[in-house]
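Okay, here's what each chain looks like letter by letter:
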Amino acid sequence: AKVGDVVTVVGKRGAYKETPQMVNGMFETLKYGVETVTIAQFREMEDNKEKYYLISGEVVEATEEGTKNDLEQYGNFNLTDETGSVYVYGVTRGWGDSKGHFGDLGVALHDKLTILAYKTTYKGLVEAVGMYFSHVPANGAE
C-alpha cells in the first residue's frame, strides 16, 4: 500500500484529548491501488468506476457546454494542471461519504486540490468523479 491507496484498517476506537482516533490499527486489505497521473493522462484512461487515480490541479470555473459550477454543495468545476483540464462532476468528503457536502471542505476557486477519482464520459464530456484527498488554499492560508 502507498499514499493515496484505498485500504481497510481494523482497530479499536480511542481518543486523544477528545479527538477520535484508531488504536492498534492493523492493515487488513488493499481495496483499490491508486495511480498518480496528470490530467492529460487521466483523460486518456478507459472509463472505469472501479479504477481510481490521484489527480491534482487548480480549481477553475467549468466552461464547457453542459457543465455547471458548484463549490457549495456537490463540487462541480474544472481541475486544471500544466497538461490539461477535466470537468469534475462531484466530490465527496471521503470514502463512503454521501454527496452534497463539498462546501464543508472550504475549497475555493484557484485552490490547489487533490482528489481520488474515477474516469467516466457523459455525452462526450470527460468527467472525474471523486473523493477529497487534500487542498492548499490559493491565498496560502492553511
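These lines cover the structure that appears in this document, whether it is placed above or below. (Residues numbered from 1 in each chain as written. Predicted model: local features only at pLDDT ≥ 70, side-chain atom pairs only at ≥ 80, totals over all residues. Heavy atoms only, no water.)

### Quick notes on the overall build of the protein
No. 1: The helix and strand tally for the protein stands at one helix and eight strands.
No. 2: Mapped from its N terminus to its C terminus, the protein presents α and β elements in the order β-β-β-α-β-β-β-β-β.
No. 3: In terms of C-alpha radius of gyration, the protein reaches 16 Å, essentially the compact-globule figure of 14 Å for 142 residues.
No. 4: Here the protein, with 142 residues, has 39% of them falling under the buried criterion.
No. 5: Sequence separation of 24 or more characterises 52% of the internal contacts of the protein that already satisfy a separation of 6 or more.
No. 6: Entry remark: accessible area of the protein is about 8700 Å², with carbon and sulfur atoms responsible for 49%.
No. 7: Averaging the locations of the 14 positively and 21 negatively charged side chains of the protein gives two centres separated by 8 Å. (Helix = DSSP H or I, 4+ residues; strand = E, 2+ residues; numbered from the N terminus. Rg over C-alpha atoms; globule rule 2.2 N^0.38 Å. Buried < 20%, exposed > 50% of the residue type's maximum accessible area, 1.4 Å probe, protein only. Contact = heavy atoms within 4.5 Å. Areas by Shrake-Rupley, 256 points an atom, 1.4 Å probe, with all protein chains shown as cover. Lys, Arg positive; Asp, Glu negative; His and termini not counted. Charge placed at Lys NZ, Arg CZ, Asp CG, Glu CD.)

### Points about unusual backbone geometry
No. 1: In this model, Glu18 sits at a positive phi of 70°, which is unusual for a non-glycine residue.
No. 2: Note on placement: Glu18 falls in the loop between β1 (6-16) and β2 (19-32).
No. 3: Phi is positive for Lys123, which is not a glycine, with a value near 50°.
No. 4: Examined against the element boundaries, Lys123 turns out to sit in the loop between β7 (112-122) and β8 (125-136).
No. 5: Of the residues examined, Lys123 reaches a relative accessible area of 75% and is grouped as exposed.

### Some words on a nonpolar patch on the surface
No. 1: Taken together, Val7, Val9, Met22 and Phe27 make up a surface patch of nonpolar side chains, about 340 Å² in accessible area.
No. 2: When contributions to the nonpolar patch are tallied by element, the ones reaching two or more residues are β1 and β2.
No. 3: For Met22, the location among the structural elements is in strand β2. (Patch = residues over 30% accessible without salt bridge, like charges linked within 9 Å, V, L, I, M, F, W, Y side chains within 5 Å. Salt bridge = Lys/Arg side-chain N within 4 Å of Asp/Glu carboxyl O.)

### Focus on the packing of aromatic side chains
No. 1: One pass over the structure, following the stated rule, counts five aromatic pairs.
No. 2: For the ring pair Tyr52 and Tyr118, a centre distance of 5.9 Å and an interplane angle of 85° mean the geometry is edge-to-face. Taken together, the residues span a long stretch of sequence, with Tyr52 in strand β4 (residues 48-60) and Tyr118 in strand β7 at a distance of 66 residues.
No. 3: Under the relative-accessibility criterion, Tyr52 is labelled buried at 9%.
No. 4: For Tyr118, a relative accessible area of 15% translates into the label buried. (Phe/Tyr/Trp six-rings, centres within 6.5 Å; stacked < 30°, edge-to-face > 60°.)

### Focus on the nonpolar core
Side chains of a nonpolar character, in soluble globular proteins, are inclined to be buried together.
No. 1: Within the largest apolar cluster, 20 residues are counted, with the highest numbers of intra-cluster contacts made by Phe42, Ile55, Phe77, Leu79, Val86 and Ile115.
No. 2: Those elements that provide at least two residues to this core are α1 (39-44), β4, β5 (76-81), β6 (84-92), β7 and β8.
No. 3: Residues in contact with Phe77, not counting those within four places in the same chain, are Val59, Val60, Ala62, Lys68, Asn69, Leu71, Val86, Tyr87, Val88, Val91, Phe102 and Leu113. (Core = buried A, V, L, I, M, F, W, Y, C linked by side-chain atoms within 4.5 Å.)

### Here's the deal with the side chain of Glu127
No. 1: For Glu127, the position within the fold is in strand β8.
No. 2: In this structure, Glu127 is buried with no salt-bridge partner, the nearest side chain bearing the opposite charge being Lys49 at 8.6 Å.

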